[in-house]
Amino acid sequence: VFTGCGQKKNEDPVTVTLWHVYGGQTESPLNDLIDEFNETIGKEENIRVQVGSVTNTNTIHENVLASAFGDPGASKLPDMFVSYPKTVLAMPDDTELVDYYDYFTEEELNEFIPAFLEEGVIHERLSILPVAKSTEVMFINKTAFDRFAKETGAKMEDLKTWEGLFAMAEQYVAWTDNQTPDIPDDGKNFFVHDYHFNYFQVGVESLGENFFKGENLAFGPEFQTEPYAKAALSGGVWLRSGYATEPLRTGDSIVSVASSASVLYYSDEVTYADNTSEKVEIVSMPCPVFARGETMVMQRGAGICTVKSTPEKEKACITFLKWLTEAQKNVEFVTSLGYMPVKQEAFDVYLPEAIEKLSDPMYVSLYQAFLKTQENYTFYTAPKLDSYLDLETKFEELIRQTLSVKRLEWQEHPEDMDKLVSETLEDFKAAYTQ
């Protein structure tokens, strides 16, 4: 069988499609790398990678499930797509995905950070290959912190533990309140956490206790709201919805813990409520830990699934993924997006070299925090529970709501702090288990 130009059909490139989340449809670091692959290895191996969609993980999650369930009007599944475990778990048959154990040798898999691979193992099959990972780090408006430290003696070193951070949050709200003695109760939040569910989950696990019990939460002895609740009730913690980047951009908070990939949305300019603005220095530190707990941090970031098709297409996908996760190429990819590489060699050799070439001080600080995190922390892998997403959504809403209500009570009766902290825990547990 011949094509119109007279070439044999089997000489056409093996074309594979990809849905991903790295950048936009018109401006994407991964699209640029795919162009490079197509012009080099792809041309040599007669492979072409074609981007079918660049969107966000929620949209890909919905589209993949629509395709997998055969919904009317749904697109055909691409050959590769970016995925979290929740997507694979929700598919009607995850065996339609390639098991990477069949395509990577043990030696090749040993090059990856073990915890990153572990997250992609579902039903004993390696269904998700890590290509770029994120974790949680602490972002600090150093310009504002230095002003606070100059007057109070606060030390950035104390932010290494949750106990130190929350004590400082109480100090900061009182200090900012005292700046305007004629306006009562206008102290500012010190700290904002993007993911309260992660704070409690990793915190409890780091203290040697199970956060989950089956498909529910354990609510064991280590699950307690101090020192978090005390700082929140006194006004030191941001409890409104939205992302942590927003209160840092407006000066309503000066320290956050968020996904490292959110560095893309942090700004070196703060615009205050009176429309004045100020250039600031944003620095990063590894995520705080409990003083008596394990040095543990949440790992985040999706990976790539490959859909079973033909041997030629599957081989083409694997060729591309091995190229993208090669240590030096992977560092080139992830440092354009604020992610971590996925192999130990990348951390040891190529990431330090890449940091020296970065021009943005905010990214330099972030990647230095990455190196410290990878060297000193255990990466926590959340369990693959069918109920995980529902548990997380309910938790995030209720914890903010419960603490906000108790904060109002504390403003009326500040002398009742210990009683209110205890009530906060009980009220939250009662609401959550209803």
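Just above sits the structure.
What comes next concerns the included structure. Everything numeric in this text was worked out from a predicted model, so none of it was measured.

**Overview of the layout of surface pockets**
Any empty space left between the atoms is revealed when a probe the size of a water molecule rolls over them. Estimates place the volume of the largest pocket at around 1700 Å³. If you trace the largest pocket, you find 49 residues lining it, with Thr-57, Asn-58, Tyr-84, Tyr-195 and Arg-300 closest to the centre. Contributing elements (two or more residues each) for the lining of the largest pocket: helix H3 (57-68), helix H4 (85-90), strand E15 (296-300) and helix H16 (388-412). Among the elements that take part in the lining of the largest pocket, H16 stands out by supplying eight residues, more than any other. Among the residues forming the lining of the largest pocket, the class breakdown is 21 nonpolar, 16 polar and 12 charged.

**Overview of unusual backbone geometry**
Within the chain, His-123 stands out as a residue other than glycine whose phi angle is a positive 55 degrees. Considering the arrangement of structural elements, one finds His-123 in the loop between strand E4 (121-122) and strand E5 (125-126). Even without being glycine, Asn-275 reaches a positive phi, approximately 75 degrees. Tracing the chain through its elements places Asn-275 in the loop between strand E12 (269-271) and strand E13 (277-279).

**Focus on the nonpolar core**
Judged by nonpolar contacts, the single largest core of 146 residues is most densely connected at Tyr-22, Phe-81, Phe-145, Leu-159, Phe-190, Phe-320 and Phe-395. With near-sequence residues (within four places) excluded, Phe-190 lies in contact with Phe-145, Phe-148, Leu-159, Leu-165, Met-168, Ala-169, Tyr-172, Gly-236, Ser-253, Ile-254 and Val-255.

**Structural notes on the side chain of Glu-209**
Checked against the element boundaries, Glu-209 lands in the loop between helix H9 (196-206) and strand E9 (212-213). Only 3.0 Å separates the side chain of Glu-209 from the backbone nitrogen of Glu-222, close enough to count as a polar contact. In this structure Glu-209 touches Val-204, Gly-220, Pro-221, Glu-222 and Phe-223, once residues within four positions along its chain are discounted.

**A look at the pattern of salt bridges**
Under the criterion given, the structure shown has 19 salt bridges. One salt bridge connects Lys-329 with Glu-36, and the closest N-O pair in it is separated by 2.6 Å. With Lys-329 in helix H13 (residues 327-334) and Glu-36 in helix H1 (residues 29-39), this pair connects stretches of sequence that are 293 residues apart. Judged by relative accessible area, which is 12%, Lys-329 ranks as buried. Between Glu-108 and Lys-322 there is a salt bridge, with its nearest N and O atoms 3.2 Å apart. Linking Glu-108 in helix H5 (residues 106-109) with Lys-322 in helix H12 (residues 311-324), this pair joins segments that are 214 residues apart in sequence. Lys-322 sits in the partly exposed class, given a relative accessible area of 28%.

**Focus on the packing of aromatic side chains**
Following the criterion strictly, the structure yields 44 aromatic pairs and no others. A cation over an aromatic ring shows up here: Arg-300 above the ring of Tyr-195, its NZ or CZ 4.0 Å from the ring centre. Above the ring of Phe-104, the side-chain terminus of Lys-322 is found at 4.9 Å from the ring centroid.

**What to know about the sheet that holds strand E16 (residues 303-306)**
Taking strand neighbours across the sheet as the criterion, the five strands line up as E2-E1-E3-E16-E6 in an open arrangement whose pairing is mixed. Of all the strands in the sheet, just strand E2 (47-54) and strand E6 (129-130) have a single pairing partner and so form its edges. The sheet strands contacting H1 are strand E1 (14-20) and E2, and the helix crosses E2 at an angle near 165 degrees.

Scoring rules and cut-offs
For every chain, the first residue of the written sequence is number 1, and numbering continues from 1 onward in sequence order. Per-residue local features are limited, in this predicted model, to residues with pLDDT of at least 70; the limit for side-chain atom pairs, both in listing and counting, is 80 or more; totals at the level of whole chains, interfaces and linings are taken over all residues. Side-chain metrics in this entry use all non-hydrogen atoms of the structure; hydrogen atoms and water are not considered. Method remark: on a 1 Å grid restricted to protein atoms, a set of points is classed as a cavity if a 1.4 Å probe fits but cannot get out and as a pocket if it is open with protein on both sides within 12 Å along at least five of seven lines; lining residues have an atom within 4 Å of a point. Grid points are joined across faces, edges and corners, and a volume is the space filled by probe spheres set on the points. Each helix corresponds to a stretch of at least 4 residues labelled H or I by DSSP, and each strand to a stretch of at least 2 residues labelled E; elements are numbered beginning at the N terminus. Put simply, Ala, Val, Leu, Ile, Met, Phe, Trp, Tyr, Cys and Pro go in the nonpolar bin, Asp, Glu, Lys and Arg in the charged bin, and everything else, Gly too, in the polar bin. The term nonpolar core refers to a set of buried residues drawn from Ala, Val, Leu, Ile, Met, Phe, Trp, Tyr and Cys, joined through side-chain atoms within 4.5 Å. A 1.4 Å probe rolled over the protein chains alone gives each residue an accessible area, and that area as a share of the maximum for its type sets the label: buried under 20%, exposed over 50%, partly exposed in between. By definition in these notes, contact holds between two residues if any of their heavy atoms fall within 4.5 Å. Counted as a polar contact is a pair of N or O atoms within 3.5 Å, where, for protein atoms, one must be capable of donating a hydrogen and the other of accepting one, and residues adjacent in sequence contribute only when both atoms are in side chains. Throughout this description, the term salt bridge denotes a Lys or Arg side-chain nitrogen within 4 Å of a carboxyl oxygen of Asp or Glu. A pair of aromatic rings is counted whenever rings of Phe, Tyr or Trp (Trp by its six-membered ring) have centres within 6.5 Å, and the orientation is called stacked for planes under 30 degrees apart, edge-to-face for over 60 and tilted otherwise. Placement of a charge over a ring requires the Lys NZ or Arg CZ to be within 6 Å of the ring centre, with the centre-to-atom vector within 35 degrees of the ring normal. Paired strands, in this sense, are two strands between which DSSP finds at least two bridges. Lines fitted to C-alpha atoms define the axes, with helix axes restricted to the stretch in contact, and inter-axis angles between N-to-C directions lie between 0 and 180 degrees.

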